[in-house]
Amino acid sequence: MLTITQVAGFAGAGLAGAAYVPQITHLIRARCSAGVSRLAFEIWLLASLLVAARAIAIHAGVFIVLSGIQVAATTLIMFYAARYKDARCPIHPPRQPRAKMTTKAAGTTTAAHEELAAAASGGTAGAGAAIVIVCREPGVREILHRELSKRYGADYQIVVCDRSAGLAPCMRDLLSAGLPVALVIGEVGAQDPDSVEVLAAVRAIDPTAPRVAVVRWGDWESMRSVFDAVTLGKIDHWVTRPSRSPAEEFHRSITEFLMEWGSQRGGGGFEAAQVVGERWSARSQELRDLFFRNRVPAGFYDAASGHGRQILRELGLESPELPVVVLRFGTDRPALVNPSNLEIADAIGVMRPIAAGEIFDVAVVGAGPAGLAAAVYASSEGLRTVVVEHEAIAGQAGTSSMIRNYPGFSQGITGAQLAQETWQQAWTFGTTFVYMRRAESLSRIDGHYRLRLSDGRVLITRTVIIATGAAYRRLGIPHLEHLQGRGVFYGAAVSEAPAMRGRNVFVAGAGNSAGQTALHLAKWASRVTVLVRAPSLAGSMSDYLIRQIGATPNVDVCYRVQVVDGTGTGGLESLVLEDTPSGTRRSVPADALFVLIGSQPRTQWLGEAVARDQLGFIRTGPDLPPDTGSGWPPGRQPLPMETSLPGVFAAGDVRRGSVKRVASAVGEGAATIPLVHRHLHSTAAVPARRRAVPPPPGSAPAAGIQAAAR
Ligand SMILES: Cc1cc2nc3c(=O)[nH]c(=O)nc-3n(C[C@H](O)[C@H](O)[C@H](O)COP(=O)(O)OP(=O)(O)OC[C@H]3O[C@@H](n4cnc5c(N)ncnc54)[C@H](O)[C@@H]3O)c2cc1C
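Caption draft 1: Just the overall build of the chain, in detail. Secondary structure summary: the chain contains 20 helices and 26 strands in total. Residue pairs at least 24 apart in sequence account for 66% of intrachain contacts in the chain once pairs closer than 6 positions are excluded.

Next comes the structure, spelled out in structure tokens:
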């Protein structure tokens, strides 16, 4: 019979052993030497205590047996630890000599602290930024750590945080150790039910750190919550959890996120241009924006800073007119004092010279999505093509930080990136680009069109595609502009509607588009409030829509009110509304604001050259006035996207009746090219040649500058 003491002893030993099972399993699976060393010590200590206790309590024979077991177990464990001494484990990283850095991070995991200490002491040589994994589930942590360390370990410090409470102090410590966070990644799933909120909270700590949710393939429920969180700006991206190595799809996404972070952060890498100017001057801001949107890697230096002064000193410039732009590639490396955009474009040397009298088959005005798509198709089909752009490639799309509804990009794509790829494609096919020049007039002489540009140059062309777009009327409220895409949306944003489930949503606008959007949103949102400046909708919205709105219980209309401000850090939190007659203001909680207050076509430069509607949008094809045919070749009717001038087409937002979307602008741009061919054949002006002329030496593309300089 066993005594009570013996039963208690066996039960205690069993429980203690069971407590070690998960840890031992992990150590074996993870080949974790550091963990094994710790465990070995713990077991040795425990066994010693047991042995001593038993020896005292029982007799010497047992003592010898237990000692033997203890020695065997310790030897085995030490052998295991020695064998895997170089293996890295996400949960038990090898102990590093502690750096002098002190961490304030109460609650941060040991692992994170040790990684931090290693980073601060140069443990990850070359790491200029950190990737933070935040995840409760040990298995997932392990997978993420393994995958990320393998691919990015040389350039990034991979930090693991196993408790959400530790994330904020861990990130703060990284930042104070001079390591910006390039990515915070965590799994969203049943094991981590609050992880969306954990990732959302990252915005308050470091608004530039992209937040990436990892979702297990097949976990549809979590995916839905992730999609909603992306729409509401709580997280930035999602990826499917890697299930086997090599996990190329996972890494392709991670690389893109890191690239995006790097390009938005700017600085630190190669600078093709340096701008020295006053930090808060409008011109400095314009130049930063132009370089950024044209994808020229540029660094900005405040003229009052030590570095700014040093650059000017080295150039021998004392109190120059600001800003100064230094180009740091090619042989000349000129320093331009307070240059115009035109001078900068010329100095960059990206444009090929256009010979006097050169005749193009097609001239595209505007390098937004429509113009770029037209250029790709035109030049790929052998048409001699020129594109004129007066600001930056990408047009309005370039101002969109993330286009989520362009087919083929499930993670979304920045407008700038999309345009960059299309621009490069057009350039490869032989399109000639004329930058920083505005088309100022269009005329027809001797059967050819003439485009007069803002630098006085005239382009001669057989056909013209007008793709000058439209500018969405903006609210112009800084707090809300800052939240665009994170609760503030321009346009109908139909794709965002399902994420509005159960939310309090506002629509600013009084037109049909605002009405349709409100009704669409009402299917998901708990409440939709339409904000109208006028005292009624009757003058701006169709009657059927007004009645439908009246019959929909969760749609309200607020008259004589306008949005004047808003708040929110990670996403929109509240709006400030002004009662227009009285000027009184009130703050209301808001989850999202959809702005549909109209757009303005960029067609003023055309004067009376082509027929437009009263708002300035270009009429085309069947939309043209019936008398358009006069002066046209006999029997020739305007083609679908042809304007009132034969051989002049309009594509994208500038065209009356167009759908204001990137994909439709691209589609229209592409669709004009068969019409251009038809026009050229009807006038017997067969395209000049099939072109595959490389650009002249020295005319490196903006995007190529970086590569060339490496
Ligand atoms: C902030 C924002 C976010 C958006 N987000 C989305 C989205 O997520 N999804 C979506 O589908 N759509 C989105 N849109 C709409 C989309 O960007 C437009 O529908 C699309 O860009 C229209 O393309 P476009 O080529 O017709 O015109 P634009 O993009 O407007 O391009 C016109 C170009 O012509 C140039 N130009 C104008 N006049 C002249 C001239 N006289 N000489 C030379 N060049 C000239 C301009 O500089 C510009 O680069 C967004 C728009 C904005 C403003």
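Caption draft 2: Here's a closer look at the packing of helix α14 (residues 369–380) against helix α15 (residues 415–429). Look at α14 against α15: their axes get within 8 Å of each other, and the N-to-C directions meet at 25 degrees. In terms of their interaxial angle, α14 and α15 are classed as roughly parallel. Here α14 runs over α15; the crossing is left-handed. For the pair α14 and α15, contact is made by L372, A373, A375, V376, S379 and S380 and by A419, T422, W423, Q425, A426 and F429, respectively. In terms of residue class, the contact of α14 with α15 is made up of eight nonpolar, four polar and no charged.

Caption draft 3: Layout of the packing of aromatic side chains. Taken as a whole and assessed by the stated rule, the structure comprises eight aromatic pairs. Seen from their ring centres, W423 and W427 are 6.0 Å apart, and the 15 degrees between their planes marks the pair as stacked. With a gap of four residues between them, W423 and W427 both fall in helix α15, about one helical turn apart. Chaining the aromatic ring pairs together yields one cluster made of W423, W427, F433 and Y435. One cation-aromatic arrangement involves R288 over F300; the distance from NZ or CZ to the ring centre is 4.6 Å. Looking at R474, its charged tip hangs above the ring of Y490, at a distance of 4.3 Å from the centre.

Calculation criteria
Residues numbered from 1 in each chain as written. Predicted model: local features only at pLDDT ≥ 70, side-chain atom pairs only at ≥ 80, totals over all residues. Heavy atoms only, no water. Helix = DSSP H or I, 4+ residues; strand = E, 2+ residues; numbered from the N terminus. Contact = heavy atoms within 4.5 Å. Axes fitted to C-alpha atoms, helices over the stretch in contact; angles between N-to-C directions. Parallel < 35°, antiparallel > 145°, perpendicular 65-115°, else oblique. Left-handed = near helix turned anticlockwise from the far one by under 90°. Nonpolar A, V, L, I, M, F, W, Y, C, P; charged D, E, K, R; others polar. Phe/Tyr/Trp six-rings, centres within 6.5 Å; stacked < 30°, edge-to-face > 60°. Lys NZ or Arg CZ within 6 Å of the ring centre and 35° of its normal.

It is worth stressing that arrangement in space is one thing and function is another; only the former is reported here.
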